Structures are given as C-alpha cells and as structure tokens.
Amino acid sequence: MLFHVRMDVDIPRDLDPEVRADTVAREKAYSQDLQRAGTWPHIWRIVGEYSNYSIFDVTDNDELHALLSGLPLFPYMTITVTPLATHPSDIAAG
Ligand SMILES: O=C(O)CC1=CCC(=O)O1
C-alpha cells in the first residue's frame, strides 16, 4: 500500500544542541535504512519549509504507524498521511 506523508518538523529552540544533532543524525540513518529497504521510496524537501513530502510503501496502516512513530524526530513532528489508490488514467498501471 502506498501512502503520501507530509512531515512538518518543529524542534524546540531551547533543545540542547547535542541532543538536537544526535536526533537529526539518527533520523537520517533511520530514514536511509528504510529507503534502502524500499519501504520509503521517495523523500522531497518542501521548498522554504522544514518539512518533507514522502512516499511510503508498506503492508498496512499498522506498519506505517509503527514506522512513523519510530522516527527519532517523531516527538517534534506534525504528520499528515494520505492513502493513495491507483488512478484509472495512470498509463503505468495498465
Ligand atoms: O528533515 C526532515 O524533513 C525530517 C526528516 C525525515 C527523514 C529525515 O532524514 O529527515
């Protein structure tokens, strides 16, 4: 199942800089592991915002929830999930 996910990041300004750097580094490693596995096939920065648009390819809602809630930056994010279905005019879908 494909999901479009928007992540808006809002790290508190008073967060310890070392904690911030460690959390962002762990977020990158977590994301790149899932990208290599094919579970997180796309991630795009939204221009001018500390936000991204991502595509997740997972088995079901529960898997997506587990992955998103495991993000190191999860406590500092607002996440919007949109489930995707095949468009009838998509030539790639046959
Ligand atoms: O910077 C972001 O958009 C948050 C994020 C998600 C995965 C990652 O590496 O950073």
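In what follows, the structure referred to is the one given above.
Residues numbered from 1 in each chain as written. Predicted model: local features only at pLDDT ≥ 70, side-chain atom pairs only at ≥ 80, totals over all residues. Heavy atoms only, no water.

Novice: Is there a simple way to think about the environment of G48 in this case?
Specialist: Its location among the elements puts G48 in the loop between β2 (42-45) and β3 (51-57). Exposure remark for G48: the relative accessible area of 82% places this residue in the exposed category. For the pair G48 and Q32, spaced 16 residues apart in the sequence, the C-alpha separation amounts to 22 Å. (Helix = DSSP H or I, 4+ residues; strand = E, 2+ residues; numbered from the N terminus. Buried < 20%, exposed > 50% of the residue type's maximum accessible area, 1.4 Å probe, protein only.)

Novice: Where do I start with helix α1 (residues 17-37) in this structure?
Specialist: An α-helix turns once every 3.6 residues. As a result, residues three or four positions apart point the same way. Between its first and last C-alpha atoms α1 spans 30 Å; for 21 residues at 1.5 Å apiece the expected length is 30 Å, and the two agree. Of the positions making up α1, those classed as buried are T23, E27, S31 and L34. Along the axis of α1, the buried positions cluster into a sector of 65°, meaning they face one direction only. Projecting away from the buried face of α1 at angles above 90 degrees are the exposed residues P17, E18, K28 and R36. Measuring from the backbone nitrogen of E18 back to the side-chain oxygen at the start of α1 gives 2.7 Å, which picks out D16 as the cap. (Expected span 1.5 Å × (residues − 1). Arc of directions from axis to C-beta. Polar contact = N/O pair within 3.5 Å; in protein donor to acceptor, adjacent residues only side chain to side chain.)

Novice: Would you take a moment to explain the site of the ligand for this structure?
Specialist: Close to the ligand lie V9, E27, K28, S31, W40, I43, R45, Y50, N52 and M77, which account for all nearby residues. The side chain of N52 places a nitrogen or oxygen atom 2.8 Å from an oxygen atom of the ligand. Taking 290 Å² as the accessible area of the ligand by itself, protein coverage stands at 88%. Judged by the proximity of its atoms to the pocket grid, the ligand belongs to the largest pocket. Breaking the shell around the ligand down by element, the ones donating at least two residues are α1 and β2. (Near = heavy atom within 4 Å. Areas by Shrake-Rupley, 256 points an atom, 1.4 Å probe, with all protein chains shown as cover. 1 Å grid on protein atoms, 1.4 Å probe; cavity = no way out; pocket = protein on both sides within 12 Å on 5 of 7 lines; lining within 4 Å. Sits in = over half its atoms within 2 Å of the grid points.)

That's the geometry; what it means functionally is another story.
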